[in-house]
Amino acid sequence: MLIGQDFEKIEFSFLGYDFLEPNALYGDTIVAILAVYCAVLCSRYYKQTQLLFFKHWKHFFYVFGIGFFLGGVAHFCYGYWGIPGKVIPWYVSGITSALFIELGMASLLPKERYKKLVPFFIIKTGVIWIIQALLIAFVDLEKEPGLGLIGPTLAMITALPTSLGVLGYRFSKTITPTFKYLWWSLIVFSPSLLFQAMKINFHQWFDRNDVSHVLMFVNILFYFLAVKGYFYFQKDSNEGKKSIEARGSIS
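I will try to describe carefully the structure that is included in this document. (Residues numbered from 1 in each chain as written. Predicted model: local features only at pLDDT ≥ 70, side-chain atom pairs only at ≥ 80, totals over all residues. Heavy atoms only, no water.)

**Let's talk about the packing of aromatic side chains**
By convention here, two paired aromatic rings are described through the distance between centres and the angle between planes.
Link 1 in the chain: This structure, assessed with the given rule, holds 33 aromatic pairs.
Link 2 in the chain: Summarising the aromatic geometry, the rings of W57 and F60 are spaced 5.4 Å apart at their centres and angled 80° between planes, so their arrangement reads as edge-to-face. Of this pair, W57 and F60 both sit in helix α2 (residues 52–76), three residues apart, roughly one helical turn.
Link 3 in the chain: Residue F60 is classed as buried on the basis of its relative accessible area of 2%.
Link 4 in the chain: Here the basic side chain of K180 rests over the ring of Y181, its NZ or CZ set 5.6 Å away from the ring centre. (Phe/Tyr/Trp six-rings, centres within 6.5 Å; stacked < 30°, edge-to-face > 60°. Helix = DSSP H or I, 4+ residues; strand = E, 2+ residues; numbered from the N terminus. Buried < 20%, exposed > 50% of the residue type's maximum accessible area, 1.4 Å probe, protein only. Lys NZ or Arg CZ within 6 Å of the ring centre and 35° of its normal.)

Below you can see the structure in the form of structure tokens.
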């Protein structure tokens, strides 16, 4: 176990090519598969309900999953692609995915408020995109690769506490209890910040990034449990309305 420093990156050769961090590739791939599977289910929910909530969450799971997989490939092929290989994952899973969480949760607010928030969310995301572009253009990220996470970090801290924390808690009290999984996800993932900040690494094959992958896997499950819970809440509500209408027509 190492604290305050990282193990040397795992290197291996295959078919004449040299690769790095296979643990990052398989960790990211597992999370990506789960996210895309959740996206497929959310797509079905959207087709049945036509609610923006499911449409935005579908986009989140697709964007996050694809971006996360590309992030694993970027780690794996870092010897060939370097920092440019990480640019797309930073923008996709790191920044843009947070926008879809915001849109999804805000879609449950009154329509007028939702319409006012949409431009704000888009402009904020655009500003973060520009900040990230300036970092890539003017900072030597080869020497300080951690600075490349500034954009994704800004996106997360300006989106998740309010969308998952505040609205998740509010909706768990006013809509369906399953929204509790959203604010639970913030608590579950918080140890990852400590592991990353203090560089706590259990083993060369299970370092601080692998810990983050495990916690992210749990978070994706929590996100989906909240979305699934709302789908069944809507389904039960609609069936209840139909039952009441049927009894009214009979009487």
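**Structural notes on the side chain of S172**
Link 1 in the chain: Secondary-structure assignment places S172 in helix α7 (residues 160–174).
Link 2 in the chain: Residue S172 is classed as buried on the basis of its relative accessible area of 12%.
Link 3 in the chain: Looking at S172, its side chain comes within polar contact range of the main-chain oxygen of Y169, at 2.6 Å.
Link 4 in the chain: Apart from the residues lying within four places of it in its own chain, the contact partners of S172 are P177, F179, K180 and W183. (Polar contact = N/O pair within 3.5 Å; in protein donor to acceptor, adjacent residues only side chain to side chain. Contact = heavy atoms within 4.5 Å.)

**As for the nonpolar core**
Link 1 in the chain: Among the nonpolar cores identified, the biggest contains 49 residues, and W57, F61 and I220 are the most heavily contacted of them.
Link 2 in the chain: The residues contacting F61, other than those within four sequence positions of it, are A35, V36, C38, A39, C42, I220, Y223 and F224. (Core = buried A, V, L, I, M, F, W, Y, C linked by side-chain atoms within 4.5 Å.)

**Things to note about a nonpolar patch on the surface**
Link 1 in the chain: A surface patch of nonpolar side chains, amounting to about 700 Å² of accessible area, comprises F12, F14, L15, Y17, Y80 and W81.
Link 2 in the chain: Elements supplying a minimum of two residues to the nonpolar patch: β2 (11–14) and α3 (78–81).
Link 3 in the chain: Among the secondary structure elements, W81 is positioned in helix α3. (Patch = residues over 30% accessible without salt bridge, like charges linked within 9 Å, V, L, I, M, F, W, Y side chains within 5 Å. Areas by Shrake-Rupley, 256 points an atom, 1.4 Å probe, with all protein chains shown as cover. Salt bridge = Lys/Arg side-chain N within 4 Å of Asp/Glu carboxyl O.)

**Description of the packing of helix α4 (residues 84–106) against helix α6 (residues 150–157)**
Link 1 in the chain: Contact geometry of α4 with α6 gives a least axis separation of 8 Å together with a crossing angle of 15°. The orientation of α4 with respect to α6, classified from their angle, is roughly parallel. Between α4 and α6 the crossing geometry is left-handed. Residue-level contacts link W90, S93, G94, I95, S97 and A98 of α4 to G151, P152, A155 and M156 of α6.
Link 2 in the chain: Along the lines of polarity and charge, the residues of the contact of α4 with α6 split into six nonpolar, four polar and no charged. (Axes fitted to C-alpha atoms, helices over the stretch in contact; angles between N-to-C directions. Parallel < 35°, antiparallel > 145°, perpendicular 65-115°, else oblique. Left-handed = near helix turned anticlockwise from the far one by under 90°. Nonpolar A, V, L, I, M, F, W, Y, C, P; charged D, E, K, R; others polar.)

**Description of the pairing of strand β3 (residues 17–20)**
Link 1 in the chain: Where β2 and β3 come together, four bridges link them in antiparallel fashion. Bridge pairing in β3 places S13 opposite D18.
Link 2 in the chain: Counting the residues in the hairpin turn of β2 and β3 gives two residues, including L15, whose phi is positive at 55°. (Pairing = 2+ DSSP bridges.)

**A short note on the packing of α2 against α4**
Link 1 in the chain: Relative orientation of the contacting elements α2 and α4 amounts to 160°, with a least axis distance of 8 Å. Classified by the angle between their axes, α2 and α4 sit roughly antiparallel to one another. Of the two elements, α2 crosses α4, and the hand of that crossing is left-handed.
Link 2 in the chain: A breakdown of the residues in the contact of α2 with α4 according to their chemical character gives 15 nonpolar, 10 polar and one charged.

**Focus: helix α5 (residues 111–138)**
Link 1 in the chain: With 28 residues, α5 extends 41 Å from end C-alpha to end C-alpha; this agrees with the ideal 40 Å at 1.5 Å per step.
Link 2 in the chain: Taken together, the buried positions of α5 are Y114, F121, K124, T125, I128, Q132 and L135.
Link 3 in the chain: Here the buried face of α5 lies against α2, α4 and α6. (Expected span 1.5 Å × (residues − 1).)

**Some details on the side chain of D28**
Link 1 in the chain: Examined against the element boundaries, D28 turns out to sit in helix α1 (residues 22–49).
Link 2 in the chain: The residues touching D28, leaving out its near neighbours within four places in the chain, are F68, F69, G71, G72 and H213.

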